[in-house]
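# Coordinates in review
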Amino acid sequence: EAQVTQNPRYLITVTGKKLTVTCSQNMNHEYMSWYRQDPGLGLRQIYYSMNVEVTDKGDVPEGYKVSRKEKRNFPLILESPSPNQTSLYFCASSPRNVGTEAFFGQGTRLTVV
Amino acid sequence: AQTVTQSQPEMSVQEAETVTLSCTYDTSESNYYLFWYKQPPSRQMILVIRQEAYKQQNATENRFSVNFQKAAKSFSLKISDSQLGDTAMYFCAFRSNAGNMLTFGGGTRLMVKP
């Protein structure tokens, strides 16, 4: 089954404790990206990757890191989480054809206390 | 930079009736794609319908159709014969020909009432 898999789905952590949210896709897509969803703001892009070893900042990259060492994986790293990073996070992938829909993971609800 | 605006934070409709969700966007590009995504309580993001800007014909998918007005930069979603399962958050999204970013509106929460 074609899918984007995120883990974990729920995470509660404390301020300053490094964490990683994993994302993996099995569709051989070139594009992968991370979004955060906040009430009234929709989804905002954090980082994106157009291929292996190619990453770039989205609209809200501060406090986040990513890497794309393999085509299928695109982890999101919070080196020192803060309460303002409490949000719902989505990973998405899509093929190079820009008219094709993006496929989303199931979301990760992160709470930083 | 592109912006997408959904001016209706919440809407409700009676089952079997028709409802229209509004979306406007701002861009200087001439070639782009527009999407409506549905997010039910499960949080899954589900593509409802897409429109290519160079196509004048409005996209239709079963009970879902769009009214795409390129000059006005408007992209509304019409849901006919609303069903209880249509209850969800709906997001309008823009993707440029460069393809590296989906820009989303703030969302409209739709409640279908029995």
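Read on for a plain summary of the structure. (Residues numbered from 1 in each chain as written. Chains lettered and ligands numbered in written order. Predicted model: local features only at pLDDT ≥ 70, side-chain atom pairs only at ≥ 80, totals over all residues. Heavy atoms only, no water.)

This brings us to the sheet that holds strand β7 (residues 65-66) of chain A. Pairing between sheet strands relies on hydrogen bonds along the backbone, with the strands arranged either parallel or antiparallel. Residue and element names in this part refer to chain A. Spatially, β1-β3-β8-β7 is the arrangement adopted by the four strands of the open sheet, whose pairing is antiparallel. Bordering the open sheet on either side are β1 (4-7) and β7, each of which pairs with just one other strand. When strand β3 (residues 19-25) meets strand β8 (residues 76-78), the two strands line up antiparallel, connected through three bridges. Looking across to β8, one finds that V21 is bridged to L76. (Pairing = 2+ DSSP bridges. Helix = DSSP H or I, 4+ residues; strand = E, 2+ residues; numbered from the N terminus.)

Looking now at the interface of chain A and chain B. Accessible area lost during the coming together of the parts is what is often quoted as the interface size. Tallying the contact residues gives 30 residues for chain A and 22 residues for chain B. Taking both partners together, chain A and chain B bury about 2000 Å²; carbon and sulfur atoms supply 50% of that area. On the surface where chain A and chain B come into contact, there are zero salt bridges. Taken together, the links from chain A to chain B amount to eight residue pairs in polar contact (both at pLDDT 80 or more). Mapped onto the side of chain A that touches chain B, the elements with two or more residues apiece are β4 (31-38), β5 (42-51), β9 (87-94) and β11 (108-112) of chain A. Among the elements that take part in the side of chain A that touches chain B, β5(A) stands out by supplying five residues, more than any other. Of the residues belonging to the side of chain A that touches chain B, the class tally is 13 nonpolar, 13 polar and four charged. (Contact = heavy atoms within 4.5 Å. Buried area = accessible area lost by both parts, 1.4 Å probe. Salt bridge = Lys/Arg side-chain N within 4 Å of Asp/Glu carboxyl O. Polar contact = N/O pair within 3.5 Å; in protein donor to acceptor, adjacent residues only side chain to side chain. Nonpolar A, V, L, I, M, F, W, Y, C, P; charged D, E, K, R; others polar.)

In this structure, Y25(B), W36(B), F75(B), L77(B) and Y90(B) are the most contacted members of the largest nonpolar core, which totals 25 residues. Listed by contribution, the elements that provide at least two residues to this core are β3 (19-21), β5 (32-39), β6 (46-52), β8 (64-69), β9 (74-79), β10 (88-96) and β12 (108-113) of chain B. At four residues, the largest contribution of residues to this core is made by β10(B). Counting residues in hydrophobic clusters, the runner-up holds 19 residues, among them C23(A), Y47(A), Y89(A) and V112(A). (Core = buried A, V, L, I, M, F, W, Y, C linked by side-chain atoms within 4.5 Å. Buried < 20%, exposed > 50% of the residue type's maximum accessible area, 1.4 Å probe, protein only.)

The grouping of I12(A), V14(A) and V113(A) at the surface amounts to a nonpolar patch, some 300 Å² of accessible area in total. Turning to its location among the elements, V113(A) is positioned in the segment after β11. (Patch = residues over 30% accessible without salt bridge, like charges linked within 9 Å, V, L, I, M, F, W, Y side chains within 5 Å. Areas by Shrake-Rupley, 256 points an atom, 1.4 Å probe, with all protein chains shown as cover.)

The next point concerns the environment of R63(B). Residues and elements named next belong to chain B. Mapped onto the secondary structure, R63 falls in the loop between β7 (60-61) and β8. Taking the C-alpha atoms as reference, R63 lies 5.1 Å from S80; in sequence the two are 17 residues apart. Leaving out residues up to four positions away in the same chain, R63 has contacts with K78, I79, S80, D81, S82, Q83 and D86. A polar atom in the side chain of R63 sits 3.2 Å from the backbone oxygen of D81. Only 2.8 Å separates the side chain of R63 from the side chain of D86, close enough to count as a polar contact.

With that out of the way, let us pick up the pairing of strand β6 (residues 54-57) of chain A. Residue and element names in this part refer to chain A. Where β5 lies against β6, four bridges are found, and the strand directions are antiparallel. Paired with N51 across the bridge in β6 is V54. The turn joining β5 and β6, which pair antiparallel and follow one another in sequence, is formed by two residues; a positive phi near 65° is taken by E53.

This next bit is on the side chain of S82(B). All names here are of chain B. Considering the arrangement of structural elements, one finds S82 in the loop between β9 and β10. Accessibility expressed as a relative area gives 1% for S82, which makes it buried. Among the polar contacts made by the side chain of S82, one reaches the main-chain carbonyl oxygen of E17 at a distance of 2.8 Å. Contacts of S82, omitting those with residues within four sequence positions, involve V13, Q14, E15, A16, E17, T18, V19, R63 and V112.

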